[in-house]
Amino acid sequence: MPVFPTERSVRTTPEGLLWEPSERWVRGVKGEVTVVDSRHPVLVWEPDVPVPCYAFPREDVRTDLLHPAADPPTGAHRGAGIFYDLRSGPEQVANAAWTYPAADLAGHIAFEWFRRWGSGLDHWYEEEEEIFVHPRDPHKRVDALPSSRHVQVEIAGTVVADTHRPVLLFETGLPTRYYLPREDVRLDLFEPTDRRTGCPYKGTAEYWTWQGGGEVPRNILWSYAEPLPAVAAVKGLLAFYNEAVDLTVDGVRLERPVTLFSKTLRP
């Protein structure tokens, strides 16, 4: 009888790493060159890092493109001591890959993801779908559910949104996000910016900034014009950072949560 991975299959190394095998076919590309092509990747969670990375069997990696790092970092990736620079054609990427000191992960090589750290490979694919920012966590859910809750949003005492037809997005480890129809948001009070961010679960977001004055963070409002299929219900809708606005849901004022985004929200 086959044994399928479950949450219990997550293992811990003496160094404090969590890891588990994955059955996804993963490929990493630099320019026109496939650097990684693996059907046996391993997901690794480092302490105090909220998202996983992949490590790959050495035989699934173009190790001929990897060379001992000229300037390896210290204290990175839970004590990793061996780093590699990637040389592919005329390009060289410093510290693009490394090996963990854990015996459980011997023979595996991990890589930076380009859109996550600004270095590493250009494109990553799980099966035939391109994945951005970081690998998806198999123990994390993202659900977008249409609702009839009454949602109001205030900024600096001004009601900027009022709707009875939100889509609620539930994402493990984050507060519920309320996505609102554009016609129910005072979008005239905001100005579009050139900020764009990527999410491996939702897609690429565009942003708006509040124009009403006061100590209000920039890029407080966002939307996914072309979300990934799993959250298609939020397409074109608008969401605010709960951390920086006043949300009232079914007549109850919500407390502003403190999240990993709180420290980045600055006026």
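In this report, the structure presented in the accompanying data block is examined.

Definitions and cut-offs
Residues numbered from 1 in each chain as written. Predicted model: local features only at pLDDT ≥ 70, side-chain atom pairs only at ≥ 80, totals over all residues. Heavy atoms only, no water. Salt bridge = Lys/Arg side-chain N within 4 Å of Asp/Glu carboxyl O. Buried < 20%, exposed > 50% of the residue type's maximum accessible area, 1.4 Å probe, protein only. Helix = DSSP H or I, 4+ residues; strand = E, 2+ residues; numbered from the N terminus. Pairing = 2+ DSSP bridges. Phe/Tyr/Trp six-rings, centres within 6.5 Å; stacked < 30°, edge-to-face > 60°. Lys NZ or Arg CZ within 6 Å of the ring centre and 35° of its normal.

**Regarding the pattern of salt bridges**
Right, so step 1: On inspection of all chains with the given rule, the structure shows 20 salt bridges.
Right, so step 2: Residue Glu129 is joined to Arg136 by a salt bridge in which the shortest nitrogen-to-oxygen separation is 2.6 Å.
Right, so step 3: Looking at Glu129, the relative accessible area reads 31%, which means it is partly exposed.
Right, so step 4: Glu183 is the salt-bridge partner of Arg165, the closest N and O atoms lying 3.1 Å from each other. One end of the pair, Arg165, is in the loop between strand S15 (158-163) and strand S16 (167-171); the other, Glu183, is in the loop between strand S17 (177-180) and strand S18 (190-199), and 18 residues separate them in sequence.

**Quick notes on the pairing of strand S6 (residues 53-57)**
Right, so step 1: Along S6, five of the five residues are buried, which leaves the element largely enclosed by surrounding structure.
Right, so step 2: When S6 meets strand S10 (residues 108-111), the two strands line up antiparallel, connected through three bridges. Considered in S10, the bridge of Pro57 is made with His108.

**A look at the sheet that holds strand S22 (residues 246-249)**
Picture the strands of a sheet paired through backbone hydrogen bonds; they go either parallel or antiparallel.
Right, so step 1: Pairing is antiparallel in the open sheet, where four strands are placed in the order S15-S14-S22-S23. Every interior strand has two partners, whereas the edge strands, S15 and strand S23 (252-253), have only one.

**Some details on the packing of aromatic side chains**
Here the distance between the centres and the angle between the planes together describe a pair of aromatic rings.
Right, so step 1: Under the counting rule described, the total for this entry stands at 14 aromatic pairs.
Right, so step 2: The rings of Tyr54, Phe56, Phe111, Trp113 and Trp124 are connected pair by pair, giving a single aromatic cluster.
Right, so step 3: Positioned over the ring face of Trp25 is Arg27, at 4.0 Å from the centre of the ring.
Right, so step 4: When the ring centre of Trp25 is taken as reference, the NZ or CZ atom of Arg39 above it lies at 4.2 Å.

In short, shape yes, function no, at least from these values alone.
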